[in-house]
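Given next are the chains, with one letter for each unit.
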Amino acid sequence: METLNKEGLFFFEELLNLKGLNQGIKNDNEIDLERVRQKMKSESIRLLERIRSLEMDLAGNKSFSICISTYYKEAGRLLELAEKLLKSSGDRSALIQSAKDYMVNFCKILEKDYGKVICGEVIVPVPLKMAVLNHIARQFELMRTNLPQDHIGGLVIEKIVNFVEEKGLNFEITRRSLHYKLEFTRRLADWDWSKQEIHYAAGERFLIYINFNSKEFMDMLIGRIGEQITMQKDPNKKLLMLMDYHRAFNQLHRKPGLVLNPGYHSLDWFINNWFENEIDYVQHCAALNSTDAKGSGSPAPGVGMEKLQCNMSADQLAIYLRLIDEEHLVAARSLNQVYQTIVPFLSTKHRTDLSPSSVRVKSYHPEDPDKQKVINALERMAERVREY
């Protein structure tokens, strides 16, 4: 497949390296530039026709995605070569510029027609990258005044400005990272900054929506919430406040498919994990200060009763219990009652004491690997029932 892709662009590589058709050519005057441009055009058309024929043969096949991604990467490499040659081309600049223009157009067609199947981690050719970065810079400059004038607003401005100026980046700009910043600026323009919420400011809600999983932002968010919680001295009231913040967090909107940094913890996982640990800690504190067993907020197993250990994670358990409620396999007043009634009698390999509220909130935004494990288990169970 890779050989096929490189052969499809072989003419342009020979052209840039002054081989074959242009062997020994030192300047544009020594060739029929118009004839060469016609040859470039015909080669481009032939190449795109080959891709369309491959699409018909491999549509929906992973091989087609690999093929298009390789074409895109190879065209990008030739674009980089053309950029380098233009700096020292002298009298051959018109020839090289024409080859570059055709490669730019070729990449744009791939983006337009096959953008959904090109690998998101492919490095974007410099000419295309600069055009998109300039667009992001112009759009962001128009709306940066909408951002809150605080630490979070300053963090966002710093991240976007450094990105478009490629300053201090510890990663290479890919199609995925460009797409994220484009979506960021587009959604920024549409965001309702006047809407007021009790627990989360407009800037925080926007970054949660856009899955801005920057370590700095997540530290700022839990730091701000932690300060609010610490002001409440009564353990029971503190617990209620934490649970209220947690509930509000999970009810905020998210934009599916977007993430600032796919190589780091998801924002949902990190913040939910922080809430769960805080809630567990405050619950234990409230229990120690309470003389009434009912004040613990959740029924406890009978004295001496051994908990049933589940061979699954708390995240997977949360999905099962949500299914039990939604499929009406139990008669419960609410989903909360299901968790409050069942969870105290369960444990996992890694956690003896499970918080009903913490397990419940895990079911709101389950991770794909956990969902797949539950699906696999349910399919095995269904097959086993058929064998009874």
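Keep in mind the model is a prediction, meaning the values are calculated, not measured. (Residues numbered from 1 in each chain as written. Predicted model: local features only at pLDDT ≥ 70, side-chain atom pairs only at ≥ 80, totals over all residues. Heavy atoms only, no water.)

Engineer: Describe the overall build of the protein chain, listing the residues and the values that go with them.
Structural biologist: Helix and strand counts for the protein chain stand at 16 helices and 2 strands. Buried residues in the protein chain amount to 41% of all 388 residues. Long-range pairs, those at least 24 residues apart, make up 74% of the contacts in the protein chain with a sequence separation of at least 6. On the protein chain, roughly 22,200 Å² of surface is accessible, and the fraction owed to carbon and sulfur atoms is 52%. (Helix = DSSP H or I, 4+ residues; strand = E, 2+ residues; numbered from the N terminus. Buried < 20%, exposed > 50% of the residue type's maximum accessible area, 1.4 Å probe, protein only. Contact = heavy atoms within 4.5 Å. Areas by Shrake-Rupley, 256 points an atom, 1.4 Å probe, with all protein chains shown as cover.)

Engineer: Tell me about the nonpolar core, and name the residues and values.
Structural biologist: One finds Leu9, Ile51, Tyr71 and Phe106 to be the most contacted residues of the largest nonpolar core, which totals 42 residues. For this core, the secondary-structure elements that each account for two or more residues are α2 (10-16), α3 (33-58), α4 (62-86), α5 (93-114), α6 (126-143) and α7 (151-164). Counting residues per element, this core draws most heavily on α4, at 11 residues. The contacts of Ile51, once residues within four sequence positions are left out, are Phe64, Ile68, Tyr71, Phe106, Leu110 and Tyr114. Counting 40 residues, the second-largest nonpolar core is a separate cluster that includes Ile152, Leu155, Tyr200 and Leu242. (Core = buried A, V, L, I, M, F, W, Y, C linked by side-chain atoms within 4.5 Å.)

Engineer: Could you give an account of the side chain of Arg175, with specific residues and numbers?
Structural biologist: Examined against the element boundaries, Arg175 turns out to sit in helix α8 (residues 175-190). Setting aside its immediate chain neighbours within four residues, Arg175 contacts Tyr72, Glu111, Gly115, Ile118, Cys119, Gly120, Val122 and Val124.

Engineer: Give a description of the pattern of salt bridges that names residues and reports values.
Structural biologist: As enumerated under the stated definition, the model contains 25 salt bridges in all. Linking Glu183 and Arg187 is a salt bridge whose minimum nitrogen-to-oxygen distance equals 3.2 Å. Linking Glu183 with Arg187, this pair stays in helix α8, spanning 4 residues, or about one helical turn. Since its relative accessible area comes to 18%, Arg187 is described here as buried. A salt bridge links Lys362 to Glu276; its shortest N-O distance comes to 2.7 Å. Pair noted here: Lys362 is in helix α15 (residues 356-362) and Glu276 is in helix α12 (residues 267-288), with a separation of 86 residues, a long-range link. The exposure class assigned to Lys362 is buried, which follows from its relative accessible area of 13%. One continuous salt-bridge network, built from bridges that share partners, spans Lys39, Glu43 and Arg46. (Salt bridge = Lys/Arg side-chain N within 4 Å of Asp/Glu carboxyl O.)

Engineer: Run through helix α9 (residues 202-209), naming residues and quoting values.
Structural biologist: The buried count for α9 comes to 8 of 8 residues, which makes it a mostly enclosed element. Buried residues of α9: Ala202, Gly203, Glu204, Arg205, Phe206, Leu207, Ile208 and Tyr209, and no others. Directly after α9, the chain includes Asn211, whose backbone phi takes a positive value near 55°.

Engineer: Can you tell me about α8, naming the residues and giving the values?
Structural biologist: Relative to the 22 Å expected for 16 residues at 1.5 Å per residue, α8 spans 23 Å between its end C-alpha atoms, a close match to the ideal helical length. Residues Arg175, Ser177, Leu178, Tyr180, Lys181, Glu183, Phe184, Thr185, Arg187 and Leu188 constitute the buried set of α8. (Expected span 1.5 Å × (residues − 1).)

Engineer: Please give an account of the packing of α9 against helix α10 (residues 215-230) that cites residues and values.
Structural biologist: For the pair α9 and α10, interaxial distance at closest approach is 12 Å and the crossing angle is 135°. Here α10 runs oblique to α9, going by the angle between their axes. In the packing of α9 onto α10, the handedness of the crossing is left-handed. Contacts from Glu204, Leu207 and Ile208 of α9 reach α10 at Phe217, Leu221 and Arg224. Taken together, the residues of the contact of α9 with α10 break down into 4 nonpolar, no polar and 2 charged. (Axes fitted to C-alpha atoms, helices over the stretch in contact; angles between N-to-C directions. Parallel < 35°, antiparallel > 145°, perpendicular 65-115°, else oblique. Left-handed = near helix turned anticlockwise from the far one by under 90°. Nonpolar A, V, L, I, M, F, W, Y, C, P; charged D, E, K, R; others polar.)

Engineer: Go over unusual backbone geometry, please, and point to the residues and values.
Structural biologist: Within the chain, Glu166 stands out as a residue other than glycine whose phi angle is a positive 50°. Topologically, Glu166 is positioned in the loop between α7 and α8. If you check the backbone angles, Asn211 has positive phi at about 55° while not being a glycine. With respect to the helices, strands and loops of the structure, Asn211 is situated in the loop between α9 and α10. Take Asn211: its relative accessible area is 14%, and that puts it in the buried class.

Engineer: Could you give me a rundown of the packing of α8 against α9, with the residues and numbers involved?
Structural biologist: Closest axis-to-axis distance for the α8/α9 pair is 11 Å, and the angle between their directions is 140°. Relative to α9, the element α8 lies oblique. The hand of the α8/α9 crossing is right-handed. Contacts between α8 and α9 involve Phe184, Arg187 and Leu188 on the former and, on the latter, Phe206, Leu207 and Tyr209. Taken together, the residues of the contact of α8 with α9 break down into 5 nonpolar, no polar and 1 charged.

Engineer: Please set out the confidence of the model for the protein chain residue by residue, giving values where relevant.
Structural biologist: Across the protein chain, pLDDT averages 83, with 87% of residues at or above 70. Scored below 50 in pLDDT, residues 1-5 shows 11 contacts in the model against residues more than four places distant or in partner chains. Here residues 19-26 is a poorly scored stretch, pLDDT under 50, and it has 18 contacts once near neighbours within four places are set aside; other chains count. (pLDDT = per-residue confidence, 0-100.)

Engineer: Requested: an account of the environment of Leu48, with residues and values cited.
Structural biologist: Within the element layout of this structure, Leu48 appears in helix α3. Residue classification places Leu48 among the buried residues on the basis of a relative accessible area of 11%. Linking Leu48 and Ile109, residues 61 residues apart in sequence, is a C-alpha distance of 8.9 Å. Ignoring any residue separated from it by four or fewer positions in sequence, one finds Leu48 in contact with Phe106 and Ile109.

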